[in-house]
Amino acid sequence: MSGRVAGKVAFITGAARGQGRSHAVRLAEEGADIIAVDICGPIDNLAYDSATPADLAETADLVRALGRRIVTAEVDVRDFEALQAAVNRGVEELGRLDVIVANAGIGTFGNKLHKLTEDIWQDMIDVNLSGVWKTVKAGVPHIIAGGRGGSIVLTGSVGSHKALAFTGHYIAAKHGVMGVMRSFAVELGQHSIRVNSVHPSQVNTPMTMNEVTFRLFRPDLENPGPEDFAPFSQMTHTLPVPWVEAVDISNAVLFLASDESRYVTGVSLPVDAGALLK
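Model, not experiment: these values are computed from the prediction. (Residues numbered from 1 in each chain as written. Predicted model: local features only at pLDDT ≥ 70, side-chain atom pairs only at ≥ 80, totals over all residues. Heavy atoms only, no water.)

Chemist: Hey, could you run me through the pairing of strand β5 (residues 150-155) in this one?
Modeler: A regular strand carries its side chains on alternate faces of the sheet. Within β5, six of the six residues are buried, which leaves the element mostly enclosed by the surrounding structure. A two-sided burial pattern is seen for β5, the buried positions comprising Gly150, Ile152 and Leu154 on one face and Ser151, Val153 and Thr155 on the other. Once you follow strand β4 (residues 99-102) into helix α4 (residues 118-146) and on to β5, the crossover reads as right-handed. Bridging between β5 and strand β6 (residues 193-200) involves six bridges; their strand directions are parallel. Pairing of Leu154 across the sheet is with Ser197, part of β6. Taking the sense of rotation as the criterion, the β-α-β connection linking β5, helix α5 (residues 168-188) and β6 turns out right-handed. (Buried < 20%, exposed > 50% of the residue type's maximum accessible area, 1.4 Å probe, protein only. Helix = DSSP H or I, 4+ residues; strand = E, 2+ residues; numbered from the N terminus. Right-handed = clockwise from strand over helix to strand, strands pointing away. Pairing = 2+ DSSP bridges.)

Chemist: I would appreciate a short explanation of unusual backbone geometry in the present structure.
Modeler: Note: most residues except glycine have negative phi, and most peptide bonds are trans. Phi at Phe166 is positive, roughly 70°, even though this residue is not glycine. As for its position among the elements, Phe166 is in the loop between β5 and α5.

Chemist: Mind showing me how you'd approach the side chain of Ser22 here?
Modeler: Tracing the sequence through the fold places Ser22 in helix α1 (residues 18-29). Leaving out residues up to four positions away in the same chain, Ser22 has contacts with Ala246, Val247 and Ser250. (Contact = heavy atoms within 4.5 Å.)

Chemist: It is not clear to me how the packing of α1 against helix α8 (residues 246-257) should be interpreted in this structure. Could you clarify?
Modeler: A pair of packed helices is captured by two measures, namely the crossing angle of their axes and the spacing between those axes. Relative orientation of the contacting elements α1 and α8 amounts to 50°, with a least axis distance of 8 Å. In terms of axis orientation, α1 runs oblique to α8. As α1 packs across α8, the resulting crossing turns out to be right-handed. Of the residues in α8, those in contact with Gly18, Gln19, Ser22, His23, Arg26 and Leu27 of α1 are Ala246, Val247, Ile249, Ser250, Asn251, Val253, Leu254 and Ala257. Of the residues contributing to the contact of α1 with α8, the split by class is seven nonpolar, six polar and one charged. (Axes fitted to C-alpha atoms, helices over the stretch in contact; angles between N-to-C directions. Parallel < 35°, antiparallel > 145°, perpendicular 65-115°, else oblique. Left-handed = near helix turned anticlockwise from the far one by under 90°. Nonpolar A, V, L, I, M, F, W, Y, C, P; charged D, E, K, R; others polar.)

This is the structure:
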C-alpha cells in the first residue's frame, strides 16, 4: 500500500456496487477509511435491478479485508436529513472527513423528451442532480470544520458534455452536475477544498450492461446482448474498446482525492476512451 490517501476519510454515495464500490475499495487500498451509503432498494423505472443490503455489506467486507474502517448506511440521496445523519455518524466514529465522492446515480427508461413522463423526469433530476448537491451539502461542513482542506469529486458523464437521443432527462441532470461542480469549486476554494468531476463513457457495471442499454444501441434485434452492444459501443470511442471498467474511474477519483492533485479544482476529467473526440 503506497498510502496516497492515508489517514483520510471518504464519504461515498452509491457504494453498494458498481463504480461506488470500486471507489470505496480503491481509496481503502490507498489508506482511506470509508463512509459508504446506498439506497439498497428499488427506484421506479430503473433499467436494471437495484442494489441490495447484501451488496452494501459486501462492500464493507471488501474494505475491512484491506484493514480499513468503514461505516455504512442505507440512505436515499434524495433524503437530505438521512444523508446528514449518516455522514454525522460516520464522522463521529471515524473522526474526520476529507473526501466526498458524490457517485450515486440512476439510469431510467428513456424516450424523446416531449414524450417522457413527469415521474421519470423528476426521479432522474432528484437523484442524479439534486442528490449530488445534497451529498455535498451534507458532508462539506465537516471538511470546513476540519480546517485541513479536502477534495470533492462528482460523477458526471460523457452526457455532461454532449447530447444523446432518448436520454434527455439523464443528459439534463449530468449537464447540471457540471454547473454544481464549478459553483462549489468557486465557493469552497477559500477553504482549500477542491471540487472536480469525472466523466465516464460506458462502464462495465449493471447501470450500463443491461437490456435497456442493449436495445438503445441495437433496436434492430429482438434480444440483443453484450456481444451485440460491444461493436456499436466501441464506435463511440476513439480507443479500440467497447467500454471501460469501474476501476478506471476509481483511479481518476483517487488522483483527484489525493494530494497529487492539490492545485486541481474546477476540472471536468473525462475517462471515456476518447468518446468526446467524436
